[in-house]
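# An overview of the molecular structure
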Amino acid sequence: MPHQTSPVRDQLKAVGLRITAPRVAVLEWLAGHPHSTADQVAAGVRNVLGSVSTQTVYDVLGACANADLVRRVEPAGHPARFETRTGDNHHHLVCRGCGRAEDVDCVHGAAPCLEPSNTAGFVVEEAEVVFWGLCPACSTTHHEKEGSA
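The rules behind these values
- Residues numbered from 1 in each chain as written.
- Predicted model: local features only at pLDDT ≥ 70, side-chain atom pairs only at ≥ 80, totals over all residues.
- Heavy atoms only, no water.
- 1 Å grid on protein atoms, 1.4 Å probe; cavity = no way out; pocket = protein on both sides within 12 Å on 5 of 7 lines; lining within 4 Å.
- Points joined across faces, edges and corners; volume = space filled by probe spheres on them.
- Helix = DSSP H or I, 4+ residues; strand = E, 2+ residues; numbered from the N terminus.
- Domains from an automatic or database assignment.
- Core = buried A, V, L, I, M, F, W, Y, C linked by side-chain atoms within 4.5 Å.
- Buried < 20%, exposed > 50% of the residue type's maximum accessible area, 1.4 Å probe, protein only.
- Contact = heavy atoms within 4.5 Å.
- UniProt positions renumbered as here; feature names shortened; annotations may be inferred.
- Disulfide = S-S within 2.5 Å.

## What to know about the layout of surface pockets
Taken as a whole, the largest pocket holds about 260 Å³ of empty space. Together, 15 residues line the largest pocket, and Asp68, Arg71, Thr86, Gly87 and Glu126 are the ones closest to its centre. Tallying contributions element by element places strand S1 (residues 71–73) first for the lining of the largest pocket, with 3 residues. Here the lining of the largest pocket spans two domains, since at least three of its residues come from each of domain 1 (1–87) and domain 2 (89–148).

Structure below.
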């Protein structure tokens, strides 16, 4: 019986990566769970495949990030997060409390949507913006703590 085709398998093939069960599982799981940490991805993939090492998940995430199938987001002070939404120069909202991240579309169109006042000779290709604040759950908890102080 021939291998089934799927969008994830087609993506891997298109970028020249071997189609392996861990790669397929990571990409499929991450598509439904954007902004996940590597540990969260590993736990989710283990629920699908049974056993897979954390190192294998890190290797898959690295290979997929290098092939632009996955975007690595590194908010300061929080673990790196991964998503399959790539190539559109979107930005992120990150909660200072719990680390939750949400996508924010670029409001000015094509990349880069921000222009630096001085490029110092650089050819600017992309702008990465992180908006920081408190998510609704952490904001409520924060206000409750302030009220009881």
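Still more to cover.
## Side note on the nonpolar core
Core analysis: the largest hydrophobic core is formed by 22 residues, its most contacted members being Leu12, Leu61 and Cys64. When residues of this core are traced back to their parent elements, those giving at least two are helix H1 (7–14), helix H2 (21–32), helix H3 (38–49) and helix H4 (54–66). With 6 residues, the top contributor of residues to this core is H2. Sequence-distant contacts of Cys64, defined by excluding residues within four places in its chain, comprise Leu12, Leu17, Leu27, Leu69 and Val70.

## A word on the UniProt feature "binding site: Zn(2+)" (unreviewed entry) in the protein
The sites that UniProt annotates as "binding site: Zn(2+)" (unreviewed entry) are Cys95, Cys98, Cys135 and Cys138. These residues run over 44 residues, yet every pair of their C-alpha atoms falls within 8.0 Å of each other. Tracing the backbone through its elements, the reader meets Cys135 in the loop between strand S5 (130–133) and helix H5 (136–148). On the basis of relative accessible area, Cys135 is assigned to the buried category, the value being 9%. Beyond its immediate chain neighbours, meaning those up to four positions away, Cys135 contacts Cys95, Cys98 and Arg100. Relative to the elements of secondary structure, Cys138 occurs in helix H5. By relative accessible area, Cys138 is classed as buried at 19%. Once you skip the residues sitting within four places of it in the chain, Cys138 turns out to touch Cys95, Gly97 and Cys98.

## Considerations on the state of the cysteines
Disulfides are covalent bonds that link the sulfur atoms of two cysteine residues. Across all of its chains, the model carries 0 disulfides by this definition. Lacking any disulfide linkage, Cys135 is separated from the closest cysteine sulfur, that of Cys95, by 3.7 Å. With no disulfide partner, Cys138 has as its closest neighbouring cysteine sulfur the one in Cys95, 3.7 Å distant.

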